Every structure is written in C-alpha cells, then in structure tokens.
Amino acid sequence: MTSGQRRKARPGRPPRRRYDVLGLLVAAVVGFPVYWMVLTAFRPATDILSLPPEFWPSSPTLDNFARAMGTETFWANVRSSAVIGAGTVLASLLVGTLAAFALARFRFTGRKAFVMVILTVQMIPLAALIIPVYLLLNEAGLTDSLAGVILTYLVFTLPFTVWMLRGFVAAIPVELEEAAMVDGCGRLGAFVRVVLPLLAPGLVATSVFAMVQAWNEYVLVYVLLSTPEKQTLSIWLVSFQTSFGTDYGGLMAGATLTALPVVVFFLVLQRKIAAGLASGAVKG
C-alpha cells in the first residue's frame, strides 16, 4: 500500500488547513478586544461612539495619549507600578529559588506537608484575605506603603514560584553539583555556579508570571494605598470615569499605555518562556 493510499485509508481525519483556520478564528476572537482598545485610543472623541462603528480610524489622533499622559499623577503611578512590579519579581525569585532548591534537594520532616500547603494557598481566593491582610499591615505600620504591597504580593506569587522552580531544580542532575563540590566548590558555590545558570529558563518564566500579577492587580492596591501618588496604573485608569461620564478615548489610551510594558516584557522573553515552561514540566 502506498503512502497516498494510507492517507486515504484514514477517513474522518480533517486536513491540517482546517486546524489553521480554526486557530486563526480563535486568535481573531481573542485579539479583537485588544484591537478595539488600541483603535479607540487613536480615535477622535467625536468618532468613538459613532454608528455604525468604524473598524479603522478615518482621522487617527494622539490627543487621547497626550491627555492621558498629561494627568497629574500619571508618572508617579508609573513609578509606583514599576517599583511594585520589580520588587515583587526580585523578592519572589530570591526566596522562591532557595525554597525550591531545598524542596528538591533535601529530605526533611514535613516536606510533603509543606508542598501541600503551597498548593492550598494557590486555591484561596484573593478577595477572602483582603480584610485580614489590611489589619495585619495596619498593625505593622505598612498600610499606604509600597513595601507593604510588595510583601502582600509576595504571599500570592511565592507559592507558584516555589512550585514551578522545584520542577526545574529536580530536572538538574545532582551529579553536576557533586562534581563541582569535588572540584572545590562549597554547597553555595555549586548552587551559584552550576544550578543557577541552568535555572535561567525557569527564572524567566516565573518572573513573567509575578510581573503580570503585580502589574495588573487592582483590589489589593485599591485597599492598601490611599495616597494618589502611590497608587498604581490600574487604579489610575479609574480616574477617567467621572460623574460627568466616561472619557473613553483617554481610558483606552491609558489602558494601552498600561498594557504596553507587560507586552514588551513578554515579547522580549518569549522564547525563553516557552523553553522554560517545556523543560519545567519534564520532572516535578
């Protein structure tokens, strides 16, 4: 039987082109809200609510972006978002890497219970912990503080970071560390010189998760930060909704500016993220 006859002998198997068309349809449905956001950001105010809607701006303008960036607290909110995002990523990677290494390499009492606690924390809804978190930070004098927000975000990003990096550490042969220790490295030296470079894909993948969580979170920042200059961009976007109505042009321009850093961050690290997710799933 020839190869062509074998292909014909498999009835009901859809050709690859159908999958391509289906993938394009799914991408169009998922990407259309993003396209409409960017499209509205470049539209003049008089064309935003026009009927029938236009799918391409007839006279694109940058006035919406100028108005959004010209608001009083925009740059202060950008700085707050950057500090909170970077602080959350660095803290979660530092603590999570050491915890994941301990879980993967050492056997100690309560190890399995600790892993179960990590998984359980991931299942707790964020809204259920707002009041106790606020009371705890208030007692510590960390309300209306960027450090308090970073510590709070760390609680929610750290379990995923530890669980993710644990798989990466377990996939690294322990013989590599032993060889480095035979050559004169201590435990810390073997970790820094051997394990840490091999963890690079996992560190990238988990850092993106922590960054997205910290950059887009709204509820905790709204509760914990009361000073307008300390609030993040997700809170700043609400300023375009006033008692006189919603400034859709400014709101969509602000949303585009808010999403742009995360999109750029993801695109720069896209290949390493894919490699990290694939290699991290090999062994857990």
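Residues numbered from 1 in each chain as written. Predicted model: local features only at pLDDT ≥ 70, side-chain atom pairs only at ≥ 80, totals over all residues. Heavy atoms only, no water.

Judged by nonpolar contacts, the single largest core of 34 residues is most densely connected at Ala68, Val195, Leu199 and Trp236. For this core, the elements supplying multiple residues, two or more each, are α2 (16-41), α4 (63-69), α5 (74-105), α8 (146-171), α10 (187-198), α11 (200-216), α13 (233-236) and α14 (248-268). By size, the runner-up hydrophobic cluster in this structure holds 14 residues, among which are Ile130, Ala214, Leu220 and Ile235. (Core = buried A, V, L, I, M, F, W, Y, C linked by side-chain atoms within 4.5 Å. Buried < 20%, exposed > 50% of the residue type's maximum accessible area, 1.4 Å probe, protein only. Helix = DSSP H or I, 4+ residues; strand = E, 2+ residues; numbered from the N terminus.)

Turning our eyes to something else, we now look at helix α6 (residues 111-123). Helix length check: α6, at 13 residues, gives a terminal C-alpha distance of 19 Å against a target of 18 Å (1.5 Å per residue), a fit within 8%. All of the buried residues in α6 are Arg111, Val115 and Ile118. In a view along the axis of α6, the buried residues occupy a sector of 55 degrees, so they form one face of it. Away from the buried face of α6 by more than 90 degrees, exposed residues Lys112, Met116 and Met123 are located. Of the surrounding secondary structure, the elements contacted by the buried residues of α6 are α5 and α8. (Expected span 1.5 Å × (residues − 1). Arc of directions from axis to C-beta. Contact = heavy atoms within 4.5 Å.)

All right, on to the environment of Pro261 then. Relative to the elements of secondary structure, Pro261 occurs in helix α14. With 179 residues separating them along the chain, Pro261 and Ala82 place their C-alpha atoms 9.6 Å apart.

A separate point is the confidence of the model for the chain. The share of residues in the chain with pLDDT of 70 or more is 89%, and the mean pLDDT across the chain is 81. Note on residues 278-284: pLDDT under 50 across the span, and 8 contacts to partners over four residues away in sequence or across chains. (pLDDT = per-residue confidence, 0-100.)

Here we take up the pattern of salt bridges. Oppositely charged side chains may form a pair once their charged atoms are brought near each other. One pass over the full model with this rule turns up 1 salt bridge. For Arg67, the salt bridge identified is with Asp247, shortest N-O distance 2.9 Å. Of this pair, Arg67 sits in helix α4 while Asp247 sits in the loop between β2 (245-246) and α14, placing them 180 residues apart in sequence. Exposure remark for Asp247: the relative accessible area of 26% places this residue in the partly exposed category. (Salt bridge = Lys/Arg side-chain N within 4 Å of Asp/Glu carboxyl O.)

Quick look at the side chain of Ser92 now. Along the polypeptide, Ser92 turns up in helix α5. The class of Ser92 is buried, set by a relative accessible area of 1%. In this structure, Ser92 is in contact with Thr97, Leu154, Thr157, Leu158, Thr161 and Ala210, ignoring residues within four places of it in sequence.

Further remarks concern the packing of α5 against α8. Packing of α5 against α8 leaves a shortest axis separation of 6 Å and a crossing angle of 40 degrees. Considering the angle they form, α5 stands oblique to α8. The handedness of the crossing between α5 and α8 comes out as right-handed. In terms of residue class, the contact of α5 with α8 is built from 20 nonpolar, 8 polar and 2 charged. (Axes fitted to C-alpha atoms, helices over the stretch in contact; angles between N-to-C directions. Parallel < 35°, antiparallel > 145°, perpendicular 65-115°, else oblique. Left-handed = near helix turned anticlockwise from the far one by under 90°. Nonpolar A, V, L, I, M, F, W, Y, C, P; charged D, E, K, R; others polar.)

In this section: the environment of Ser58. Tracing the backbone through its elements, the reader meets Ser58 in the loop between α3 (45-48) and α4. When its relative accessible area of 56% is taken as the criterion, Ser58 is described as exposed. In this structure, the C-alpha to C-alpha distance between Ser58 and Asp47, residues 11 residues apart in sequence, is 8.8 Å.

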